[in-house]
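A structural walkthrough
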Amino acid sequence: MIRHMKKLCHRALYFSLTKSPNSRCSFHSNFIKHTNFNPSFVKNPGFFTSRFYVENHSFVKDHIFILSPQLFNYLSHVRSYCSGKGGGAQNCSEWTEEIEYLDESGSVIYSGKGIRSVEPGFDDHVMVGEIKKPLLNASAVAKIVEVVNRWKWGPELETQLDKLQFLPKMVHITQALKVIKDSDASLSLFRWAKRQSWYVSDDNCFIMLFDVLNQSRDFDGIQSLFDEMVQDSSKTGTSSFSAYNRVIQYLAKADKLEVSYCCFKKILDSGGKIDTQTYNVLMTLFLSKGLPYKAFEMYESMEKAECLLDGSTYDLLIPSLAKSGRLEAAFKLFQEMKKRNLRPSFNIFASLVDSMGKAGRLDTSMKVYMEMQGYGLRPSAPMYVSLIESYAKAGKLDTALKLWDEMKIAGFRPNFGLYTLIIESHAKSGKLDIAMSIFKDMEKVGFLPTPSTYSCLLELHAASGQVDSAMKLYNSMTNAGLRPGLSTYTSLLTLLAKKKLVDVAAKILLEMKAMGFSVDVSGSDVLMVYIKDGSVELALRWLRFMGSSGIRTNNFIIRQLFESSMKNGLYESAKPLLETYVDSAAKVDLVLYTSILAHLVRCQDEQNERHLMSILGATKHKAHAFMCGLFTGPEQRKQPVLSFVREFFQSIDYELEEGAARYFVNVLLNYLVLMGQINRARCVWKVAYENKLFPKAIVFDQHIAWSLDVRNLSVGAALIAVVHTLHRFRKRMLYYGVVPRRIKLVTGPTLKIVVAQMLSSVESPFEVSKVVLRAPGDSIMEWFKKPIVQQFLLNEIPSRADILMHKLNILFPTSAPEIRSLAPPKPLMGR
């Protein structure tokens, strides 16, 4: 409270005192400010309140003045006296009353004359009685804040700032910016300060401005102020290191990729420095945008600038490098981090373990995993999953299973994908027992296996021939409402086919059809299994099932089954197959026709011969019409045999059917010889030789050697070729007088005995060696002159060879199309 020592007015003054740290204005300035020492301030005597601060004791007094008219008249003259511009103290009214300032206990704090004013914008102090007191920064800042908060922006704000009762400093502006929360008001204060003579560029000032602009999310304002700051720095030569970095961080955290990177480049170009935190923020932004290579550019720029990496930088770079496949760089940083005694985070360990494992570097992955545990870090469930997957995919199932058990002991529950991987890995490795054990655990914990898991197990059980286990898995799968895939059905059907479980296979195939699958191919595959296995009866049974179920097969399989039926002597079943084949617009080629003819050649049963003749007719091939015409008389043919044969061979396309034509000639000559049609057989051989089907069969080496090569011919063809060729040699020697030194018959080991036995019946001079029959030309010349030889060569084989000809059927080639020569002959019986 205040106690008056002298009379000032007729009424007493009452003051109430309270503490308030919010007001930093002096008692003197507050008193003058609120009263303005103007008679017009108070028009009527009464009560008014004001708050002022006693600087020496830092508490606030709320005072209530009870004013008299005399006090108002007195106050109107104080201004001129206090300013010192009214002619001095002796020429103006002064406040002569002594005033004592008391604390709450009544003790005197200070006593002296009344308060005097100072000149606004000129003085940097206040008067307390006759003593000059320096203006505190807190008071100045509070006044600036008060003015700015009231006027915000515009000319009125600048006018009020120009009227401040003290000379501001940059520290006042900076402190005021810390308090002012409005971005427009802060910028207005900064613009005003920048135009003052006492303005000095201050890094902290810019930081305060960037802070308030960031809080208001005014990023355009941040960018504009940043450009202004860069221009000022280039003019003054000063660098706002902290402010620069603050701008980049704010823009980067706001997801302003291009703007923040542009500011980064501007700072580097202007020679500014970037701190580690700013690099980290930029790298984080690039990584979040899916631009790891730009983040690595930031890291390289960081290295060039010799900017030390901190823990956050390592946490960013090592996982990113590892995930992008740059494992060497990631591991190098990892080692560098440990050398600097920085503790790697769990994220770093997890990324290295995962990336190294996926890259197949299992030893390094396990080493990092063990090192992590040495740091006291506990592996997480994803880390266990990553390790187990890496080892399982690498085929190291023992280690994977060990980690699997370790994971369960640690209290982690394997997820669905991990169960599936472990089961399928062990199943594909043939460890079906372990796979089935884990499969049962999977069902117990409540996971429903995927069709893939079921299929893997089922297919592997099928491949190992375990029908019961495979069917049990199939039934479990269908009961769970899962739909088996095509490969699963195929594996199961193949297993059932191999086990000859036709009825079960038929049931599965119908279920497959009901599921919506196309079953034509699957049914045909089962049919092929039976055909390849030689189970022709089952194949025919399966084909009947397919036909009754509306399941079709292709002509290739029909042909394969037809040939298998022919091979097994099931001629009655073979004919309907051939008719089906022909009716489906499939073309019977010369090879197939010849194979049927070969069966006829070997047939010794009259009933089967009728079936085979019927099958030959069902082929509707042009070769059958040729065969029928060949055995008719010249009256019906209306042309000689040789012309008829030439006409047929001219219709063959030798570019496509040359091999088939040779096969046909071999089998046909066998048949003609057996039927006793020697002349017709000689015509066929002659025409075949004319069409160069056997171009190297006859070789004339002038007077040195003549030879006939029959190694690639059937028995019948070889015999006819020998007779016909020796007849040509005879004419050449007898009529033209050309006698070679020797004549050779190249037979090979297969036909040597057959040809030698035939020629021995007419006492030939040929000597038998390993694979060749040879004789001197002179001896052959004398042999040709014998009448029996002439009859033998011109007409037919002597009847003494009937036994030999009767046994030819056991030496004919099989019906397989690829076989063009004869199988080794059985020993011939004696005459």
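On a predicted model such as this, the values are computed, not experimentally measured, just so you know. (Residues numbered from 1 in each chain as written. Predicted model: local features only at pLDDT ≥ 70, side-chain atom pairs only at ≥ 80, totals over all residues. Heavy atoms only, no water.)

Here the focus is the overall build of the protein chain. When its secondary structure is counted, the protein chain shows 41 helices and 13 strands. For the protein chain, with 831 residues in total, the buried portion stands at 47%. Across the protein chain, contacts joining residues at least 24 apart in sequence account for 63% of those joining residues at least 6 apart. (Helix = DSSP H or I, 4+ residues; strand = E, 2+ residues; numbered from the N terminus. Buried < 20%, exposed > 50% of the residue type's maximum accessible area, 1.4 Å probe, protein only. Contact = heavy atoms within 4.5 Å.)

Another point: the pattern of salt bridges. The tally for this structure, following the rule as stated, stands at 15 salt bridges. Among the ionic pairs, Arg541 bridges to Asp503, the shortest N-O distance being 2.9 Å. In this pair, Arg541 sits in helix α27 (residues 536–548) while Asp503 sits in helix α25 (residues 502–514), placing the two residues 38 residues apart along the sequence. A relative accessible area of 57% places Asp503 in the exposed class. When the shortest N-O distance is used, the salt bridge between Arg610 and Glu606 registers 2.9 Å. Placement of both Arg610 and Glu606 in helix α31 (residues 606–618) is noted, with a separation of 4 residues, approximately one turn of the helix. (Salt bridge = Lys/Arg side-chain N within 4 Å of Asp/Glu carboxyl O.)

For the rest of this paragraph, the subject is the packing of aromatic side chains. Taken as a whole, this structure holds 27 aromatic pairs when the rule is applied. Aromatic pair Trp706 and Phe729: ring centres 5.4 Å apart, planes at 45°, arrangement tilted. Highlighted residues: Trp706 in strand β10 (residues 705–709) and Phe729 in helix α37 (residues 715–736), separated in sequence by 23 residues. We note that Trp706, like Phe729, is buried. Every member of this aromatic cluster is reached through a ring pair, and the members are Phe626, Phe644, Phe648, Phe649 and Phe664. (Phe/Tyr/Trp six-rings, centres within 6.5 Å; stacked < 30°, edge-to-face > 60°.)

Time to look at helix α15 (residues 327–339). Look at α15: 18 Å from first C-alpha to last across 13 residues, which is about the 18 Å you get at 1.5 Å a residue. Buried within α15 are the following residues: Leu327, Ala330, Phe331, Leu333, Phe334, Met337 and Lys338. The arc that holds the buried residues of α15, viewed along the axis, is 160°, so those residues lie on one side. In α15, the exposed positions angled more than 90 degrees off the buried face are occupied by Glu328, Lys332 and Lys339. Backbone geometry just downstream of α15 places Asn341 in the positive-phi region, at approximately 60°. (Expected span 1.5 Å × (residues − 1). Arc of directions from axis to C-beta.)

Before going further, it helps to examine the environment of Arg711. Following the sequence through the fold, Arg711 ends up in the loop between β10 and α37. When its relative accessible area of 48% is taken as the criterion, Arg711 is described as partly exposed. C-alpha separation for the pair Arg711 and Lys752, spaced 41 residues apart in sequence, amounts to 9.3 Å. Side chain to side chain, Arg711 and Asp709 meet in a polar contact 2.7 Å long. (Polar contact = N/O pair within 3.5 Å; in protein donor to acceptor, adjacent residues only side chain to side chain.)

Relative to strand β13 (residues 772–776), strand β11 (residues 742–746) runs antiparallel, the two sharing 5 bridges. The partner of Ile743 across the bridge, within β13, is Ala775. Bridge count for strand β12 (residues 767–768) against β13 is 2 bridges, and the pairing is antiparallel. Note that in β13 the partner of Val768 across the bridge is Leu773. Following β12, the chain reverses through 3 residues before pairing antiparallel with β13. (Pairing = 2+ DSSP bridges.)

Here we come to unusual backbone geometry. Notably, Lys620 is not glycine yet its phi reads approximately 60°, a positive angle. Classification of Lys620 by relative accessible area gives exposed; the value is 66%. The phi torsion at Lys638 lies on the positive side, around 65°, for a residue other than glycine. Considering the arrangement of structural elements, one finds Lys638 in the loop between α33 (634–637) and α34 (641–650). The class of Lys638 is exposed, set by a relative accessible area of 74%.

Let us now look at the confidence of the model for the protein chain. Mean pLDDT over the protein chain: 74, with 73% of residues reaching 70 or higher. Across residues 1–96, confidence stays below pLDDT 50; counting only partners more than four residues off in sequence or on other chains, it has 174 contacts. Within the model, pLDDT remains below 50 along residues 796–831, and this stretch shows 79 contacts once partners closer than five positions in the same chain are excluded. (pLDDT = per-residue confidence, 0-100.)

Turning to the packing of helix α35 (residues 654–674) against helix α36 (residues 678–690), a few remarks are in order. Relative orientation of the contacting elements α35 and α36 amounts to 165°, with a least axis distance of 8 Å. The angle between α35 and α36 falls in the class roughly antiparallel. When the axes of α35 and α36 are compared, the crossing they make is left-handed. Contacts between α35 and α36 involve Val665, Leu668, Leu669, Leu672 and Val673 from the first element and Ile678, Arg680, Ala681, Val684, Trp685 and Ala688 from the second. Its residues assigned to classes, the contact of α35 with α36 comprises 10 nonpolar, no polar and 1 charged. (Axes fitted to C-alpha atoms, helices over the stretch in contact; angles between N-to-C directions. Parallel < 35°, antiparallel > 145°, perpendicular 65-115°, else oblique. Left-handed = near helix turned anticlockwise from the far one by under 90°. Nonpolar A, V, L, I, M, F, W, Y, C, P; charged D, E, K, R; others polar.)

Turning to a nonpolar patch on the surface, a few remarks are in order. Residues Leu734, Tyr735 and Tyr736 make up a contiguous nonpolar surface patch of about 400 Å² in total accessible area. Within the secondary structure, Leu734 is located in helix α37. Taking the relative accessible area as the measure of exposure, Leu734 reaches 30% and is therefore partly exposed. (Patch = residues over 30% accessible without salt bridge, like charges linked within 9 Å, V, L, I, M, F, W, Y side chains within 5 Å. Areas by Shrake-Rupley, 256 points an atom, 1.4 Å probe, with all protein chains shown as cover.)

The N-to-C vectors of helix α24 (residues 486–498) and α25 enclose an angle of 165°; their axes lie 9 Å apart at closest approach. Between α24 and α25, the angle falls in the class roughly antiparallel. Regarding α24 and α25, the two cross each other, and that crossing is left-handed. Contacts from Leu486, Tyr489, Leu492, Leu493 and Leu496 of α24 reach α25 at Val504, Ala505, Ile508, Leu509, Glu511 and Met512. For the contact of α24 with α25, the per-class residue count stands at 10 nonpolar, no polar and 1 charged.

Quick look at a positive patch on the surface now. Taken together, the side chains of Lys686, Arg728, Lys731 and Arg732 present a region of like positive charge at the surface. Counting residues per element, the positive patch draws most heavily on α37, which supplies 3 residues. Its place among the elements puts Arg732 in helix α37. (Lys, Arg positive; Asp, Glu negative; His and termini not counted. Charge placed at Lys NZ, Arg CZ, Asp CG, Glu CD.)

What follows deals with helix α21 (residues 432–444). Helix length check: α21, at 13 residues, gives a terminal C-alpha distance of 18 Å against a target of 18 Å (1.5 Å per residue), a fit within 8%. Burial in α21 covers these residues: Leu432, Ala435, Met436, Ile438, Phe439 and Met442. Burial along α21 is one-sided: seen end-on, the buried residues are contained in an arc of 165°. Exposed residues pointing more than 90 degrees away from the buried face of α21 are listed as Asp433 and Lys444. Elements in contact with the buried residues of α21: α19 (397–409), α20 (416–428), α22 (451–463) and α23 (467–479). Following α21 by one or two positions, Gly446 has its phi on the positive side, about 105°.

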